[in-house]
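Coordinates in review
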Amino acid sequence: MRRFFYNPAQDTTEYVLITGAEAHHLKTVLRMHVGAKAELYDGAGSLICGEIEQISANSVSFRILSRRQEQESCSPLTLVQALLNKGKKMDTVVQKATELGVHSFVPVITRYCEPQGKDSQLLQRWQRIMLEACKQCGRPVPMQISLPQPLHELTFPAVSRKIMPWENETTCPFAALGLTAGQPVTLLIGPEGGFHIDEVEHAQASGFTTVSLGPRILRAETASIVAAALVQNALHNLDPLP
Ligand code: SAM
């Protein structure tokens with residue numbers, strides 16, 4: 001079924017109005033017609049199944065057939081990702097993190113990162129990729145994405161379990177972390193050039209546990225996706241909904 005985001009202000013109890021780019025996409029690109037059904041998300045966890053009742057010049061009106069509320073995970077995962085410089089690697093990480101149910105995505109600038117262009121444009125681009133991924137994978141609550149910020153300026157909530165995959169970690173495999181559901185987790189992944197030793201020490205002093213993802217050095221985007229999947233699995237965030 002097709003999926004669209006709507007503005008909660010356009011939700012009466014019986015009907016939802018889709019406007020703007022979503023309405024344009026629905027009418028002009030997908031050429032949906034009266035009677036077609038779709039899933040509608042308000043971006044805050046409300047999920048509606050609706051049927052198109054009327055199509056007009058600037059909007060599409062859906063009759064609400066059913067409605068449910070998505071539950072937030074009690075173990076949200078925050079992925080802190082150093083900016084990746086080459087090609088579209090950041091786009092890939094944003095897309096896959098969205099699919100894996102990462103709650104928040106925090107791009108950070110570390111010693112071996114290069115500036116990538118205007119932060120506001122990057123953020124807009126990642127937001128667009130993330131919303132597309134939400135629609136594709138059926139995720140009703142968008143991933144929160146921050147503007148890039150220097151790693152050393154970040155503060156991390158005390159309650160969060162902090163994990164830093166590091167290729168030079170030789171004693172702590174992922175399984176030794178003993179992760180269980182019920183606690184927020186923060187994952188910190190380095191750029192292509194890795195972390196400087198000062199950054200590793202700073203992270204450890206801030207409560208991060210360094211962990212190995214195996215004896216091979218993974219590309220940064222592979223490390224992000226693998227680590228996010230391992231954490232989400234350990235936290236039961238990949239279990240089917242009841
Ligand atoms: N510059 C480093 C080198 O060549 O030795 C490699 C950095 S790696 C491409 C980028 C990031 O992925 C690292 O900062 C780390 O967070 C993560 N990573 C890659 N392989 C890993 C492994 N085997 N164990 C833990 N983390 C890994």
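Residues numbered from 1 in each chain as written. Predicted model: local features only at pLDDT ≥ 70, side-chain atom pairs only at ≥ 80, totals over all residues. Heavy atoms only, no water.

1. Some remarks on the UniProt feature "domain: Ribosomal RNA small subunit methyltransferase E PUA-like" (unreviewed entry) in the chain
Selection rule: UniProt positions are given in the numbering used here, feature names are shortened, and annotations may be inferred rather than shown by experiment. Each helix is a run of DSSP H or I of at least 4 residues and each strand a run of E of at least 2, with the numbering of both proceeding from the N terminus.
The UniProt record annotates "domain: Ribosomal RNA small subunit methyltransferase E PUA-like" (unreviewed entry) at residues 18-65. The straight-line gap between the two end C-alpha atoms of residues 18-65 is 15 Å; of that span, 21% is helix and 50% is strand.

2. Some remarks on the site of the ligand
Our working rule: Residue proximity to a molecule or strand is established when one non-hydrogen atom of the residue lies within 4 Å of it. We define a polar contact as two N or O atoms separated by no more than 3.5 Å, with the added condition that, inside protein, one atom must be a possible hydrogen donor and the other a possible acceptor, whereas residues neighbouring each other in sequence contribute only through side-chain atom pairs. Here, Shrake-Rupley sampling with a 1.4 Å probe gives the accessible areas, and only protein chains in the shown set may cover a residue. Charged residues are taken to be Asp, Glu, Lys and Arg, nonpolar residues to be Ala, Val, Leu, Ile, Met, Phe, Trp, Tyr, Cys and Pro, and polar residues to be all remaining types, Gly included.
For the ligand, the set of nearby residues contains 19 residues, the closest of which are Pro165, Leu213, Gly214, Arg216 and Leu218. Gly193 has a polar backbone atom sitting 3.1 Å from a nitrogen atom of the ligand. At 2.9 Å from a nitrogen atom of the ligand is found a main-chain nitrogen or oxygen belonging to Leu218. Surface burial for the ligand is 84%, taken as the share of its 590 Å² of free accessible area covered by protein chains. For the shell around the ligand, a count of residues per class yields eleven nonpolar, five polar and three charged.

3. Description of the sheet that holds strand S3 (residues 37-41)
Test applied: Here, any two strands with at least 2 DSSP bridges between them count as paired. Lines fitted to C-alpha atoms define the axes, with helix axes restricted to the stretch in contact, and inter-axis angles between N-to-C directions lie between 0 and 180 degrees. Here a residue-residue contact requires only that any non-hydrogen atoms of the pair lie within 4.5 Å.
Within the open sheet, the five strands sit side by side as S1-S3-S4-S5-S2. Their pairing is mixed. Either end of the sheet is taken by a strand with one partner, and the two such strands are strand S1 (2-5) and strand S2 (15-19). Shown here is a sheet whose adjacent strand axes are inclined to one another by a mean of 40 degrees, direction ignored. Note that S2 and strand S5 (residues 59-69) share five bridges and pair antiparallel. In the sheet register, Tyr15 faces S5, and the bridge partner there is Arg63. Along the sheet, helix H1 (residues 20-29) makes contact with S1, S2, strand S4 (46-55) and S5, crossing S2 at roughly 90 degrees. Its contacts with the sheet place helix H3 (residues 119-137) against S1 and S3, and it is angled at close to 140 degrees to S1.

4. Brief notes about unusual backbone geometry
Note on backbone geometry: most residues besides glycine have negative phi, and most peptide bonds are trans. Let me state the cut-off plainly: Exposure classes here rest on a 1.4 Å probe applied to the protein chains alone. A residue is buried below 20% of its type maximum, exposed above 50%, and partly exposed in between.
If you check the backbone angles, Arg31 has positive phi at about 55 degrees while not being a glycine. Here Arg31 shows up in the loop between H1 and S3. Relative accessible area serves as the criterion here: at 66%, Arg31 is assigned to the exposed category. Unlike most non-glycine residues, His236 shows phi in positive territory, near 65 degrees. Residue position: His236 is located in the segment after helix H5 (220-234).

5. Observations concerning the environment of Thr92
In this structure, Thr92 sits in helix H2 (residues 89-99). Put simply, Thr92 and Met32 are 60 residues apart on the chain and 29 Å apart in space, counted from C-alpha to C-alpha.

6. Description of the pattern of salt bridges
Put simply, the rule reads: The rule for a salt bridge is simple: a side-chain nitrogen of Lys or Arg has to be within 4 Å of a carboxyl oxygen of Asp or Glu.
Taken as a whole, this structure holds eleven salt bridges when the rule is applied. A salt bridge links Arg67 to Asp11, with the shortest nitrogen-to-oxygen separation between them at 2.9 Å. Here Arg67 is found in strand S5, whereas its partner Asp11 is found in the loop between S1 and S2, with 56 residues between them in sequence. Using a relative accessible area of 41% as the deciding quantity, one classes Arg67 as partly exposed. Judged by its relative accessible area of 24%, Asp11 is partly exposed. Here Arg68 makes a salt bridge to Glu70, at a shortest N to O gap of 3.4 Å. Accessibility expressed as a relative area gives 21% for Glu70, which makes it partly exposed. The network of salt bridges with shared partners includes Glu22, Glu132 and Lys135.

7. Some points on the packing of H2 against H5
Defined as follows: Working rule for angles: under 35 degrees goes down as roughly parallel, over 145 as roughly antiparallel, 65 to 115 as roughly perpendicular, anything else as oblique.
Interaxial distance between H2 and H5 falls to 10 Å at its minimum, and their mutual angle equals 5 degrees. The angle between H2 and H5 places the two elements in the roughly parallel class. Note on element contacts: H5 touches H2 through Glu221, Ser224 and Ile225, opposite Lys89, Thr92, Val93 and Lys96. Of the residues that constitute the contact of H2 with H5, the class distribution is two nonpolar, two polar and three charged.

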